[in-house]
Amino acid sequence: MHSSGGKNPLARSWRWLQSKISQGLNYWIRHLYRPFIHQALKLRYATLLLAITIFILVIGMILSGQIRSVFFPDIPENTIQVSLTLEDEAGYGLVQSQALEIEQAGQLISQQLQDEFQLDMAPIQSLALLTTDTGATLTAELSPLSSRPFSTNLIAERWEAATPALEAVRRLRFITDHEDEADISIDLRATDSATLQTASRQVQQALSNYAGVSGVQNSMKAGQPQIDLQLRPEGQAMGLTTAMLAQQIQQAYQGYEVQRIQRGKDEVKVRVRYPDEQRRSADDLNRAHIRTPEGQAVPLLAVADISSGYVAREIERIDRSRVAVITADLNKQVADANDILAALESELFQQLRLDNPGLSIVLSGEAQEEAESTGSLVIAFAVALLAIYALLAIPLKSYTQPLLIMTAIPFGIIGALLGLWLHGLSLSILAMFGILALSGVVVNDSLLLISRFNENRSLGKGVKLAMIEACCGRMRAIILTSVTTYVGLVPLILDTSESAQILIPAAVAMGYGILFATMITLILIPALVMISEDFRFSQTGKNKAEQPLPTHPQIAETSL
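Before going further, it helps to spend a moment on the packing of aromatic side chains. The tally for this structure, following the rule as stated, stands at five aromatic pairs. For the ring pair W28 and Y33, a centre distance of 5.9 Å and an interplane angle of 10° mean the geometry is stacked. Owing to a relative accessible area of 4%, Y33 belongs among the buried residues under this scheme. Their ring planes at 80° and their centres at 5.6 Å tell us that Y486 and Y512 sit as a pair that is edge-to-face. Separated by 26 residues along the polypeptide, Y486 in helix α15 (residues 463-493) and Y512 in helix α16 (residues 504-540) bring together distant segments of the chain. Looking at Y486, the relative accessible area reads 18%, which means it is buried. Looking at Y512, the relative accessible area reads 18%, which means it is buried.

Next up, the structure:
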């Protein structure tokens, strides 16, 4: 059977396309890249200075805030959850009525947005309400993101603004993303409750003044009323004790069991206590009487002092210190938690510690989780770098060449940062995962280049000629390796579905890091090799362009 490839128009077109691409690459290598790399090697110190300048400028973009840094980015879901918590004494009826007010505000906002943007379907498709004795949860299912020109956050902001002031609300939150640790959480610890109350109010007020901060809450609940009875010396002289005083007051108001009557199968307890009209309010205590051990009835006010006040309903302690936890929600598109906490540390926390020596301030929530995760990533990154160095140094039998190859790693990170900036993404833990994976990939192209350079040097070629031929000979393989990797990530980078948003930062970091590291491999790595050879030959005094190096072991390569 004869091949029909010559008669197949599709096969001929494919061969023609391959030929044109090959001719274009060859022309680009011979007439553009070869003269360029020749000049770059000639001006190798200027090339290094330019690369360092780019590195500093991109790092400066993080310090200046052009590239935002957050621990976990806001990734809005296609639902909004409204969490309403009322005070314990609010009652189910108040919870129900206020939950309905929030629901009506959501329906109103949905209609307004539909009219404003002329949408075919309402942004809020359905509302589910679940109430308890002290709170309620509303879940709003939204229309697909592709059917509306605004974000989930905009709906939540409009909804929150349209919600009227509600009574007895302890906490009201509009949640649009994955709920984990609080965006901002500050633990105040002290042995004195008054100190804790004052400091927590100041921190609450300071947090409320920052743009992008909402839902500031204090874990120290409002105190509940309490009546205290203090036995006076006159009462002690009559033989009364504090225990006797408490027992008689309890019997007068809650009853004293004097008899039990059997009524059929049931046993009835008979209690004696004050009539209802004499025990309805705290003022009735002023008219109460106490019986002395001798059986004499005396007014309560004659033997005890009555005072009233408020006490905490719940007391939370850590390491024997009382704790007040201040939490807040944060719009990460507007504000950065690290900047806010740094400002609070310099403007408020230091002064609070000076004014209250027993007060300690501890950052918790997302800040604590960020510190723990960042520490783990730093250790993992250091171990990975050490492993990469060892794997390169053993076959190359060189201490310096692995370092030159690994130079692509920090510049790959620079490419990742530029990619995040171009796509308007923040440097987050998700992007760090991509950068960590990037570190093991970007060294491949440099390894191809250095291995060809070592091969050329083993044949007796001069340093500059060996490097130029290595760059031109391996450029096709390096370009194809990097471009195909990036093209494979493009569909994920451009995906707009909600389910892909959590993966996009890692894909962007890895894709753009590989592209930038490719340019570094083809320009900066050759310059660094020439500079290292300058130092080598400055010590031996031999001609750097002509003297061959001892043969390096060659690493197996796959032609692309």
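The periodicity of an α-helix, 3.6 residues per turn, causes residues three or four positions apart to be oriented the same way. For helix α12 (residues 408-422), with 15 residues, the first-to-last C-alpha span of 21 Å sits near the 21 Å given by 1.5 Å per residue. Where α12 is concerned, the buried positions are A408, I409, F411, G412, I414, G415, A416, L417, G419 and L420. A positive phi of about 70° marks G424, the residue just after α12.

Turning next to the side chain of S110. Relative to the elements of secondary structure, S110 occurs in helix α3 (residues 92-117). Setting aside residues up to four positions removed in sequence, S110 forms contacts with A122, P123 and I124.

With that out of the way, let us pick up the sheet that holds strand β3 (residues 135-142). Spatially, four strands are ordered β2-β3-β1-β4 in an open sheet, and the strand pairing comes out antiparallel. At either end of the open sheet lies a strand with only one pairing partner, and these are β2 (124-131) and β4 (169-175). Neighbour to neighbour, the strand axes of the sheet diverge by 10° on average, direction disregarded. Sheet topology places strand β1 (residues 79-86) next to β4; six bridges connect them, and they run antiparallel. When the sheet's bridge partners are listed, V82 is paired in β4 with F174. Against the sheet, helix α4 (residues 152-162) engages β1, β2, β3 and β4, with an angle of about 30° to β1.

On to a nonpolar patch on the surface. Taken together, the side chains of W14, W16, L17 and I21 make up a nonpolar region of the molecular surface, amounting to roughly 480 Å² of accessible area. Counting through the fold element by element, L17 comes out in helix α1 (residues 9-42).

Moving on to the confidence of the model for the protein chain. Summing up the model confidence of the protein chain, the mean pLDDT is 83 and the portion of residues at 70 or higher is 92%. Predicted confidence is poor over residues 1-5, with pLDDT under 50, and the contacts of this stretch with residues over four places away or in other chains come to three contacts. Under a pLDDT of 50 for its full length, residues 543-560 has, in the predicted model, 39 contacts with residues more than four places off or in other chains.

The rules we used
- Residues numbered from 1 in each chain as written.
- Predicted model: local features only at pLDDT ≥ 70, side-chain atom pairs only at ≥ 80, totals over all residues.
- Heavy atoms only, no water.
- Phe/Tyr/Trp six-rings, centres within 6.5 Å; stacked < 30°, edge-to-face > 60°.
- Buried < 20%, exposed > 50% of the residue type's maximum accessible area, 1.4 Å probe, protein only.
- Helix = DSSP H or I, 4+ residues; strand = E, 2+ residues; numbered from the N terminus.
- Expected span 1.5 Å × (residues − 1).
- Contact = heavy atoms within 4.5 Å.
- Pairing = 2+ DSSP bridges.
- Axes fitted to C-alpha atoms, helices over the stretch in contact; angles between N-to-C directions.
- Patch = residues over 30% accessible without salt bridge, like charges linked within 9 Å, V, L, I, M, F, W, Y side chains within 5 Å.
- Areas by Shrake-Rupley, 256 points an atom, 1.4 Å probe, with all protein chains shown as cover.
- Salt bridge = Lys/Arg side-chain N within 4 Å of Asp/Glu carboxyl O.
- pLDDT = per-residue confidence, 0-100.

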